[in-house]
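Residue-level structure breakdown
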Amino acid sequence: MDIQHIAKLANLLIDADQEKLFTLQLTAILAFVSKLQSVSTENVEPTAQVTGLVNVYRADVVDQSRILTQAQVLSNAKKTHNGYFVVPSVWT
Amino acid sequence: MDIKDLTIQKALEGYRKKQFSSVDVVTACLENVGRYNKEYNVLLTVRDEKDIIEEAKRVDSSLPLGGIPIVLKDLFTTDGVRTTAGSKVLDAYIPPYDATVVRKLKDAGAIIIGKANQDAWGHGSSGENSDFGSTKNPFDPSRVPGGSSSGSAVAVAMGMALAATGTDTGSSVRLPAAFCNLVGLKPTYGRVSRYGIIAMASSFDSVGHLTKTVYDNALICEITAGKDPFDGTSAEVPVPKYTGKLGKTLKGVTVGIPKEYFEMKGMDPRINDLTRKALDTMQGLGAQVIDISLPHTNVAMECYYILVPSEVSSNLARFDGVRFGNGRDEFGAESKRRMMIGTYALSSGYYDAYYKTASKVRTLIKKDFDDAFATVDVIVAPSSPTLPFRIGEKSNDPLAMYLSDIFVCPVNIAGIPALNVPCGFVDKLPVGIQLIGPQWSEEKLFSIGNAYELRTNNRH
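A quick note: this is a predicted structure, and the numbers were derived from the prediction, not measured. (Residues numbered from 1 in each chain as written. Chains lettered and ligands numbered in written order. Predicted model: local features only at pLDDT ≥ 70, side-chain atom pairs only at ≥ 80, totals over all residues. Heavy atoms only, no water.)

1. Some remarks on the overall build of chain A
- From N to C terminus, chain A includes three helices and two strands.
- Ordered by position from N to C terminus, the α and β elements of chain A give α-α-α-β-β.
- Expected size for 92 residues packed as a compact globule is a radius of gyration near 12 Å; at 22 Å, chain A overshoots this value by more than 25%.
- Dimensions of chain A along its principal axes, counting C-alpha atoms only, are 55 × 45 × 20 Å.
- For chain A, the residues scored as buried account for 24% of the 92 residues in total.
- Carbon and sulfur atoms provide 56% of the accessible area of chain A, an area that totals close to 7200 Å².
- Between the averaged position of the 7 positive side-chain charges in chain A and that of its 8 negative side-chain charges there is a distance of 9 Å. (Helix = DSSP H or I, 4+ residues; strand = E, 2+ residues; numbered from the N terminus. Rg over C-alpha atoms; globule rule 2.2 N^0.38 Å. Buried < 20%, exposed > 50% of the residue type's maximum accessible area, 1.4 Å probe, protein only. Areas by Shrake-Rupley, 256 points an atom, 1.4 Å probe, with all protein chains shown as cover. Lys, Arg positive; Asp, Glu negative; His and termini not counted. Charge placed at Lys NZ, Arg CZ, Asp CG, Glu CD.)

2. Considerations on the overall build of chain B
- Counting secondary structure elements, chain B contains 15 helices and eleven strands.
- In terms of overall dimensions, chain B is globule-like: its C-alpha atoms have a radius of gyration of 20 Å, near the 23 Å expected for 460 residues.
- Summarising its shape, the C-alpha atoms of chain B cover approximately 60 × 60 × 45 Å along the three principal directions.
- Within the span of chain B, comprising 460 residues, buried residues form 68% of the whole.
- If you sum the accessible surface of chain B, you get close to 14900 Å²; carbon and sulfur atoms cover 49% of it.
- A distance of 2 Å separates the average location of the 52 positive side-chain charges in chain B from that of its 52 negative side-chain charges.

3. Here we look at helix α11 (residues 333-346) of chain B
- Relative to the 20 Å expected for 14 residues at 1.5 Å per residue, α11 of chain B spans 20 Å between its end C-alpha atoms, a close match to the ideal helical length.
- Looking at α11 of chain B, one finds that the buried residues are E334, S335, K336, R337, R338, M339, M340, I341, G342, T343, Y344 and A345 of chain B.
- On its buried face, α11 of chain B sits against α1 (3-9) and α2 (16-33) of chain A together with α10 (300-315), α12 (352-372) and α13 (398-402) of chain B. (Expected span 1.5 Å × (residues − 1). Contact = heavy atoms within 4.5 Å.)

4. Describing the state of the cysteines
- Scanning the entire structure with this criterion turns up zero disulfides over all chains.
- Looking at C423 of chain B, it has no disulfide partner, and the nearest cysteine sulfur is the one in C180 of chain B, 15 Å off. (Disulfide = S-S within 2.5 Å.)

5. Notes on the interface of chain B and chain A
- Each side of the interface is counted separately: chain B has 59 residues, and chain A has 46 residues.
- Buried surface at the junction of chain B and chain A, both sides included, amounts to about 4500 Å², of which 70% is carbon and sulfur.
- Contact with chain A buries surface across chain B, with E302, V322 and M340 of chain B losing the most and accounting together for 15% of the total.
- Linking chain B with chain A are one salt bridge.
- Its salt-bridge partner being K35 of chain A, residue E302 of chain B comes within 3.1 Å of it at the nearest N-O pair.
- The interface formed by chain B and chain A holds 16 residue pairs in polar contact (both at pLDDT 80 or more) in total.
- The set of elements that each furnish at least two residues to the side of chain B that touches chain A consists of α10, α11, α12, α13 and α14 (409-414) of chain B.
- The element contributing the most residues to the side of chain B that touches chain A is α12 of chain B, with eleven residues.
- When grouped by side-chain class, the residues that make up the side of chain B that touches chain A number 34 nonpolar, 16 polar and nine charged. (Buried area = accessible area lost by both parts, 1.4 Å probe. Salt bridge = Lys/Arg side-chain N within 4 Å of Asp/Glu carboxyl O. Polar contact = N/O pair within 3.5 Å; in protein donor to acceptor, adjacent residues only side chain to side chain. Nonpolar A, V, L, I, M, F, W, Y, C, P; charged D, E, K, R; others polar.)

6. Comments concerning the packing of aromatic side chains
All names here are of chain B.
- With the rule as written, the count across this model stands at 19 aromatic pairs over all chains.
- For the pair Y304 and Y305, a centre-to-centre distance of 4.9 Å together with 75° between the ring planes defines the contact as edge-to-face. Like Y305, Y304 is buried.
- Centroid distance Y350 to Y354: 6.4 Å. Interplanar angle 40°. Geometry classified as tilted.
- On the basis of relative accessibility, which here comes to 36%, the residue Y350 falls in the partly exposed class.
- A residue is classified by how much of its surface remains accessible, and Y354, at 11% relative accessible area, is buried.
- Connected via pairs of aromatic rings, a cluster forms that spans Y93, W121, F319, F324 and F331.
- For the cation-ring pair, R276 lies above F262, with the distance from its terminal atom to the ring centre recorded as 4.4 Å. (Phe/Tyr/Trp six-rings, centres within 6.5 Å; stacked < 30°, edge-to-face > 60°. Lys NZ or Arg CZ within 6 Å of the ring centre and 35° of its normal.)

7. Points about the packing of helix α2 (residues 22-40) of chain B against helix α3 (residues 49-58) of chain B
Residues and elements named next belong to chain B.
- Between α2 and α3, the shortest axis-to-axis distance is 8 Å and the interhelical angle comes to 155°. Of the possible angle classes, the one that applies to α2 and α3 is roughly antiparallel. The crossing of α2 and α3 is right-handed. Facing α2, whose interface residues are S22, V23, V26, T27 and L30, α3 presents E49, I52, I53, A56 and K57.
- In terms of residue class, the contact of α2 with α3 is built from six nonpolar, two polar and two charged. (Axes fitted to C-alpha atoms, helices over the stretch in contact; angles between N-to-C directions. Parallel < 35°, antiparallel > 145°, perpendicular 65-115°, else oblique. Left-handed = near helix turned anticlockwise from the far one by under 90°.)

8. Looking at the layout of surface pockets
- One number sums up the size of the largest pocket: a volume of about 570 Å³.
- Considered class by class, the residues forming the lining of the largest pocket number 13 nonpolar, six polar and four charged.
- A volume near 480 Å³ is recorded for the second largest pocket.
- Taken together, 16 residues line the second largest pocket, and the ones lying closest to its centre are N11, P88 and S89 of chain A together with D320 and R328 of chain B.
- A class-by-class count of the residues in the lining of the second largest pocket yields eight nonpolar, four polar and four charged. (1 Å grid on protein atoms, 1.4 Å probe; cavity = no way out; pocket = protein on both sides within 12 Å on 5 of 7 lines; lining within 4 Å. Points joined across faces, edges and corners; volume = space filled by probe spheres on them.)

9. Observations regarding the sheet that holds strand β10 (residues 418-426) of chain B
Residues and elements named next belong to chain B.
- Pairing is mixed in the open sheet, where eleven strands are placed in the order β1-β3-β2-β4-β6-β5-β10-β11-β9-β7-β8. The open sheet has two free edges, formed respectively by β1 (43-46) and β8 (288-292), since each of these has just one partner strand. Shown here is a sheet whose adjacent strand axes are inclined to one another by a mean of 30°, direction ignored.
- Judged from the three bridges that link them, β1 and strand β3 (residues 111-116) form a sheet pairing that is antiparallel. What sits directly across from T45, in β3, is K115. (Pairing = 2+ DSSP bridges.)

Set out below in structure tokens:
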């Protein structure tokens, strides 16, 4: 298992110390869950949700009472600029 | 005022008869906060005392929860009040809106005392995975209170509030309820709105609560349950007046006991004994007890620990440190583990073997319960295989911690409701049993729980 690859996919930073411990723990956990391979699941439909609800719609109209103001939306951002979120650079 | 024994029912009666006021009750709660919060690490945020007392003075006492002090698990978004999810990522997050359940409780007259400590993001069964230190068990502070709704349970047990909200994705209301001698409900998935509840696993999360008695629990459920247009997964099933349907006997009730649970290695035999005793009591109340089988019990944990981390990895992707919160480096070890397991299980080349297979096993586990409920009204099982364990005992071994959920997490896989009720003590530590029912059977669970509670009175 390439733990740094998984960490990258999950957008997480794992340092060298954590790498060893996590590799150990994750390997053990994955060995544990691999027991599922022994269950016969031929012709079994997967379950994605248990309510049985389908196609729950709402009317396509604007509900002012549900809209947050720009100030509210920006209120927890560390960096804002002229009413925008400031996003870290994606160029590596 | 001895708030440790005061129930919501008695408080409302006391207000009505003018024996005491909401100000008296919230003052007593705040005194207990002052007395115990630091040592037991229960509440992460306490609201301004002056605001609380002011609310208590002005509250409309005719409301269903008028003047009743409550605590909210810190996964519940509260407008203007810090909400951390037990995590350093959100240690300064102040939401701009209330969760639907929070709004419903406020509209019903409840007074919010504060936000409860918990395993970060709900990732835990003991309370030890909080980024702010573990909450302690009120019966023995060297032991865990159960998790992830750890602070919620301890707040009620120590008289800081008369009820507390929690969430239950795999154990998290029922285990702390069992470890702290409380009644804890995990409702049917979709019974209570998840809008504004910081998401852990979106097809598992159930919004529940902890109280001292079954009546109190039924009352809160009347307030929180119901379809919410803001939550597309909430169901259109009508909400009965649960408090009006609490039974006193179990005549005509068939109880099933899953043989796989009682054959489980690692279960404390004294818990087995107490559970048997509870079943004898139920028979004495008129119930018929039969053996049933839940054949896929032995793969439930494996199924859970693929599906839930997968959904977790997706839900926690939004915490980017840009729009809210701190950076992703602030996530604790358990959360990182879960996100990585989930990412792996969903990744190209592994999705079929892990996630898809687990989804199929989920169908089989759900079917086990559906088949069982064709022959029984309710399933009774222990809530925990062990007594509340010592802080630190399991925290170095993630797998050992996961196995504490063996009796509780199959319920979440199937999306059905379960109620923990206290059933006695071993070595002065509380033990709880679960009443598990088919979807939408909360009414039945409350009724059976009430009859059992009346007969046993396990508060002390």
